[in-house]
There are 4 protein chains.
Amino acid sequence: MNSFGQIFRLTSFGESHGVGIGGIIDGCPAGVEIDLDFIQNELDRRKPGQSKITTQRQESDQVEFLSGIFEGKTQGTPIGFLIRNKDQHSNDYNNLKDVFRPSHADYTYLKKYGSRDHRGGGRSSARETIARVVAGSIAKLMLKQFDVSVHAFVQRVGDVELAKSYKELDLNQTDSNIVRCPDPETAEKMIARIEVAGKNHDTVGGIVQGVIQGVPVGLGEPVFNKLHADLGHAMLGINAVKGFEYGSGFEGTRLSGSEHNDVFIKSDSGIRTKTNHSGGIQGGISNGEDIYFNVAFKPIATLLKEQQTVDKEENEVTINPKGRHDPCVLPRAVPIVEAMAALVIADHYLLNKINQS
Amino acid sequence: MNSFGQIFRLTSFGESHGVGIGGIIDGCPAGVEIDLDFIQNELDRRKPGQSKITTQRQESDQVEFLSGIFEGKTQGTPIGFLIRNKDQHSNDYNNLKDVFRPSHADYTYLKKYGSRDHRGGGRSSARETIARVVAGSIAKLMLKQFDVSVHAFVQRVGDVELAKSYKELDLNQTDSNIVRCPDPETAEKMIARIEVAGKNHDTVGGIVQGVIQGVPVGLGEPVFNKLHADLGHAMLGINAVKGFEYGSGFEGTRLSGSEHNDVFIKSDSGIRTKTNHSGGIQGGISNGEDIYFNVAFKPIATLLKEQQTVDKEENEVTINPKGRHDPCVLPRAVPIVEAMAALVIADHYLLNKINQS
Amino acid sequence: MNSFGQIFRLTSFGESHGVGIGGIIDGCPAGVEIDLDFIQNELDRRKPGQSKITTQRQESDQVEFLSGIFEGKTQGTPIGFLIRNKDQHSNDYNNLKDVFRPSHADYTYLKKYGSRDHRGGGRSSARETIARVVAGSIAKLMLKQFDVSVHAFVQRVGDVELAKSYKELDLNQTDSNIVRCPDPETAEKMIARIEVAGKNHDTVGGIVQGVIQGVPVGLGEPVFNKLHADLGHAMLGINAVKGFEYGSGFEGTRLSGSEHNDVFIKSDSGIRTKTNHSGGIQGGISNGEDIYFNVAFKPIATLLKEQQTVDKEENEVTINPKGRHDPCVLPRAVPIVEAMAALVIADHYLLNKINQS
Amino acid sequence: MNSFGQIFRLTSFGESHGVGIGGIIDGCPAGVEIDLDFIQNELDRRKPGQSKITTQRQESDQVEFLSGIFEGKTQGTPIGFLIRNKDQHSNDYNNLKDVFRPSHADYTYLKKYGSRDHRGGGRSSARETIARVVAGSIAKLMLKQFDVSVHAFVQRVGDVELAKSYKELDLNQTDSNIVRCPDPETAEKMIARIEVAGKNHDTVGGIVQGVIQGVPVGLGEPVFNKLHADLGHAMLGINAVKGFEYGSGFEGTRLSGSEHNDVFIKSDSGIRTKTNHSGGIQGGISNGEDIYFNVAFKPIATLLKEQQTVDKEENEVTINPKGRHDPCVLPRAVPIVEAMAALVIADHYLLNKINQS
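Just so you know, these numbers come straight off a predicted model, no measurement behind them.

If you tally the helices and strands in chain A, you get eight helices and 18 strands. For 357 residues, the compact-globule formula gives about 21 Å, and the C-alpha radius of gyration of chain A, at 21 Å, lands near that figure. Referenced to the eigenvectors of the C-alpha coordinate spread, the extents of chain A come out at roughly 65 × 50 × 35 Å. A total of 357 residues make up chain A; the buried ones form 69% of that total. Across chain A, the fraction of contacts at a sequence separation of at least 24, relative to all contacts at a separation of at least 6, is 69%. Just so you have it, chain A exposes about 11400 Å², and 44% of that area is on carbon and sulfur atoms.

Have a look at this one:
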């Protein structure tokens, strides 16, 4: 149950304060050129301590590839990889050993498995997403061959919302600021909002938007594995995610059918749709238009302030965590959203090879 | 790719105007008592023509079980079933044979497979969900043994929204009105809203809310198969769904962490949480509280009015469909949402049997 | 657990004395031409009562396709099918209801599931293989497009062995006699051997050999899903099978490496091997040579003579079954072996599409 | 396609001359005690250079566990592990870069993937089985909790055959000699036979027998995943294996049904069978008797003598490999056979937990 994907398939392992995080990518075709600098850069986009609004832990998160790559190219054999954990302050967690932190996985893990690695959340830590970023960056490299691009950016922080559509923005500017919003003005406001949360020893949530361009017509399996259902599954598997919508999403349910329908038109580049409420997916299958979607992230549960809770013996206790934690997870979530989207598209790209004989 | 679930697993088949719809349920344990009246009633809740606000097609949708049940109980062997199609007006679709209806799957199917069964949408028709309702009703019967209940109801139609929380309502009243909203007053308004859409030859969307009660602590696999990720996957696989959120959902992202966290408390029934923004799931694993979620349905694409589009030869054409179609899919979607939720919970219930040795 | 194959995937259902046997073929590409006469003929090769050496039950085993085929071609959607049971003498089994027949699945089923459908073996009956023959015949039709042929024949009955290699025989003559051995002289001896068993109210086993020709280089996944491992898995899943070997098999283990190695040579048709001890598979991957293998079938357990056993209450009892049973299962096993082989090759054919990007 | 098992699931990676070999074990329940000395000992049983009849490469094959184990016990989370390659003489293989060694995977890999890691066979090297031994030893530790034991031993080398049944032997004596045959007298003859092969720069094959004791009634899924079918699949996936048989196997097909049937009897320990031609499995499900099977290993293809072959450009060439290679793979295959058997039984043990509700 630690695998994702049908053909292009990631299996991940690792706890936040164990030896390391890693995984195996199975089903990646032979011949994909591996750009190690690109992959490391994706990891750096995810890593803590990259700016004043993220936690100051200084892990380097260096990936070591263990197999499947020879003379710079994938071999069609499984790609093993490992990122060793460093800079672990396991002792920071000793006083939390027997305590259930509110809205964390401490209680549910213990009940499910009968024991738990309490150090930094163990397997439930978002540190596990390192494996997804590595696999996703290889999926991105594969998709690049077919001119498919995958972008994500911060669309809302608390109530600070980006008013423009992604079509009005240069998505290559996303990383030009530390909050990863491609609109500089909104980015400033978002940063200010996160700083307020940090000063209050509190946290703030928001929305990451994903945009996938260049997807050919035909990806997606029509019934249970609709392309958007697999994208939603991927996004809802990211830590702290509470919702997913694509195309017109929740708001689109307020329109009438005649307003919502995307009329087909003839264009220089073949059949297109006039509007794109469908978000590039019809009947679960890509139609060649842009795929776009929103992912809701809750304000993360780790607060650097006093909270009530109970411990394993059902005593009421007060906790007051110290340490290094992000007041807002969204800027670092951007590469994770991109990685998961790339994994889904790569998987469906391969699956679709078998539909016509 | 037409299977759903890891252990309790439905594989479905069937087109809307072919021989019938059916499926195989594999992995259902032996010994579940099969109540055929209950199952038929679930199908009747989904069927068209049940009220003035749904389409007047009069299929009887009688399920025939083909295997896996002996002397009234499941045998642990696969349960095959078939619902024959009747009352097919295939000729209604002849004039749409070469035309791509807006926001339908006509175009994407043809591009994906090189051909398509154009009669009534073929495999892309929501008639396929019959198979899900049958499988889901068996999942419900299995879950009943463990006192797990699965409810859904219409929470919003267009802009007509149910103002109360599910906790203030009697969910057993959902079927007391034709729109399946457990609040009679709101139900009246929703029915009126749908009738307006029908008169305009237009359609209207909205939200179905699901509530699952009695789930034990420990269901859900922590990384990719978080309980809510599998619920979201299930819901996004239903025709016309555009979004999924659970617990505090999209709105919860506007709260601060200190507002959003669910504080653990000691109660007569063991450890509980004071609030339930988590929607009964923490770290992807059920915590014993109610699981609740929203599913967004778009206004369906079939309008009984004139629309522009193109055909296979890229000619611009005008279509003006006749026939029998729902102005609002939500009342009939309620049992489908329940069925998919039951399948997810049954599957995780079985999966969780293996976590402690 | 009632599914076979990764991509071209059969899920089967059905008990011998229930409503019928059927299945779903998922992952068959669109565009395969369906020859219904060919499929029915494959079923007739499997059916009982076809000759004096097989049981006299007269089921017609007519397949009804329920979905996935439109205007004579597969659509890429799942292919549902059903063969209704007829001519059931369920009462023949009433006296065996509480008894464990020797070397049957009665005891193990009851212990595993807590109950069992005792009528004719229920799910453990070889009648289930009907579903495999239907799916295998569609796999054969798909493979025919690529000039891959799948043959099987009876190679040994008891001690009566075919002395010639398949290369000296015309495999199209297999069905020219009722025992399905392509050498007429040996066939006569085999028939006589089976008649002796029948007269003794006893049964006899033997070997079916399979030969697959025209397989392109490259099918097979190198580690756990070696092409021969998946073939062996398929064959060992057939009722009454006790062993599988391919290429030089068990006897080849007596050779030295220098005798056993297949030397590569240059030929008009590219690189070939001088000998074929490898049975067309090297490192788990097809090398373009003929694939050949042996499947060992035990003498079936149903004897029409008195036998000792125990019943559910652990009483010692004597049974003396009456009814219609084959003294030798091999002639009817030939199309089943072919069907399973075709399923494996079709599946790997599709899987191999994704290995090079 | 580099995963094995449905629930207790190994995914492996690694090439013989890359960074290392490793894997992820997913689905191992929480609470299994991990005995690191036991695991290392299993690896030592597989490693080269352990005796005068095995290759003199001196890899230490030290396993490093990367996750999933905390305070000496499994956590229910995935267990990552890595064995770094050492003592690689990659340059030994430079002259074989463009050459297809007879009966190796060089030709098929190149055709399948378009490129290959030629160093020591890359992914096709039996060095990959290290991952299986690690996973299998954890499966053994899990099974030990339920008193299931898994044994294998060398039953035949070339024509030197062990005449006794496993029931007459002390299987704990298997490792008392370097050939791993529990009968000292036969072991001497086998060692002599291997030494002859070595002196001739040739290789010799044979049979490994597996015996699994203490398996409860009920493991195995009745149709495609019969317990023996999954065992056969596992064994046929081991390098150099050409055949598999269980219970009475190929020879049993010469018996009549009345000789072959295993009569049920009442015993002090409940229902048993008088004979065990069924090899402990009836209808694909374990019946509580000993499970036993034979695995045929070909004489391995790497000869330290001159051989004809062709290269990538289809030139005829002569090769004359140097280096360190086993004349007989069987002694080192014993722990691999045990490992794969343990994986199958552990997987079915977990699968069977869900059959009765």
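Before going further, it helps to examine the relation of the copies chain D and chain C. Screw-axis analysis of chain D against chain C gives a translation of 0.0 Å along the axis, an RMSD of 0.0 Å, and a rotation angle of 180°. A rotation of that kind, with that shift, is consistent with a two-fold axis. Mapped onto chain C, 100% of the interface residues of chain D are again interface residues, and the two copies thus contact each other with one and the same surface.

Residues and elements named next belong to chain A. Here the UniProt-annotated "binding site: NADP(+)" (unreviewed entry) positions come out as R46 and K52. Secondary-structure assignment places R46 in helix α1 (residues 36–46). A polar atom in the side chain of R46 sits 3.1 Å from the side chain of T129. One can find K52 in the loop between α1 and β4 (63–65). The residues contacting K52, other than those within four sequence positions of it, are I178, I191 and E195.

A pair of packed helices can be characterised by two numbers: the angle between their axes and the separation between those axes. It is the contact of helix α5 (residues 227–236) of chain A with helix α5 (residues 227–236) of chain B, at a shortest axis distance of 8 Å, that shows an interaxial angle of 165°. The angle between α5 of chain A and α5 of chain B falls in the class roughly antiparallel. In terms of crossing hand, the pair formed by α5 of chain A and α5 of chain B is right-handed. Facing H228, A229, D230, G232, H233 and L236 of chain A of α5 of chain A, the residues of α5 of chain B in contact are H228, A229, D230, G232, H233 and L236 of chain B.

Rotating chain B by 180° about the axis while translating it 0.0 Å along that axis superimposes it on chain A, leaving an RMSD of 0.0 Å. Of the residues that chain B buries at the interface, 99% are likewise interface residues in chain A, meaning the two copies contact each other through the same surface.

Along the chain, the position of S103 of chain D falls in the loop between β7 (79–84) and α2 (106–113). Overall, S103 of chain D belongs to the buried group, its relative accessible area being 5%. On a C-alpha basis, the gap between S103 of chain D and I300 of chain D in space is 8.6 Å, while along the polypeptide they are 197 residues apart. The residues touching S103 of chain D, leaving out its near neighbours within four places in the chain, are H260, N261, D262, F264, S278 and Q282 of chain C together with K298 and A301 of chain D. Here the side chain of S103 of chain D touches D262 of chain C through a polar contact of 2.8 Å, landing on its backbone nitrogen.

For the rest of this paragraph, the subject is the interface of chain B and chain A. Many descriptions give the size of an interface as the accessible area lost when the pieces come together. Counting residues at the interface gives 105 residues for chain B, matched by 104 residues for chain A. Roughly 8400 Å² of surface becomes buried between chain B and chain A when both sides are summed, with 60% attributable to carbon and sulfur atoms. Summed over the three residues of chain B that lose the most area to chain A, namely M1, K112 and F224 of chain B, the buried surface amounts to 11% of that side. At the boundary of chain B and chain A, one finds four salt bridges. The residue K112 of chain A makes a salt bridge to E221 of chain B at a minimum N-O spacing of 3.3 Å. If you look at where chain B meets chain A, you find 42 residue pairs in polar contact (both at pLDDT 80 or more). Considered class by class, the residues forming the side of chain B that touches chain A number 37 nonpolar, 45 polar and 23 charged. When strand β11 (residues 241–246) of chain A meets strand β11 (residues 241–246) of chain B, the two strands line up antiparallel, connected through three bridges. Among the inter-strand pairings, F244 of chain A is bridged to a residue of β11 of chain B, identified as F244 of chain B.

Take the packing of helix α1 (residues 36–46) of chain C against helix α8 (residues 330–351) of chain C next. All names here are of chain C. As a packed pair, α1 and α8 sit with axes 7 Å apart at the nearest point and diverge in direction by 135°. Relative to α8, α1 is oriented oblique. Residue-level inspection shows E42, R45 and R46 of α1 in contact with α8, the latter providing R332, V334, P335, I336 and E338.

About the criteria used
Residues numbered from 1 in each chain as written. Chains lettered and ligands numbered in written order. Predicted model: local features only at pLDDT ≥ 70, side-chain atom pairs only at ≥ 80, totals over all residues. Heavy atoms only, no water. Helix = DSSP H or I, 4+ residues; strand = E, 2+ residues; numbered from the N terminus. Rg over C-alpha atoms; globule rule 2.2 N^0.38 Å. Buried < 20%, exposed > 50% of the residue type's maximum accessible area, 1.4 Å probe, protein only. Contact = heavy atoms within 4.5 Å. Areas by Shrake-Rupley, 256 points an atom, 1.4 Å probe, with all protein chains shown as cover. Least-squares fit on C-alpha atoms with pLDDT ≥ 70 in both. UniProt positions renumbered as here; feature names shortened; annotations may be inferred. Polar contact = N/O pair within 3.5 Å; in protein donor to acceptor, adjacent residues only side chain to side chain. Axes fitted to C-alpha atoms, helices over the stretch in contact; angles between N-to-C directions. Parallel < 35°, antiparallel > 145°, perpendicular 65-115°, else oblique. Left-handed = near helix turned anticlockwise from the far one by under 90°. Buried area = accessible area lost by both parts, 1.4 Å probe. Salt bridge = Lys/Arg side-chain N within 4 Å of Asp/Glu carboxyl O. Nonpolar A, V, L, I, M, F, W, Y, C, P; charged D, E, K, R; others polar. Pairing = 2+ DSSP bridges.

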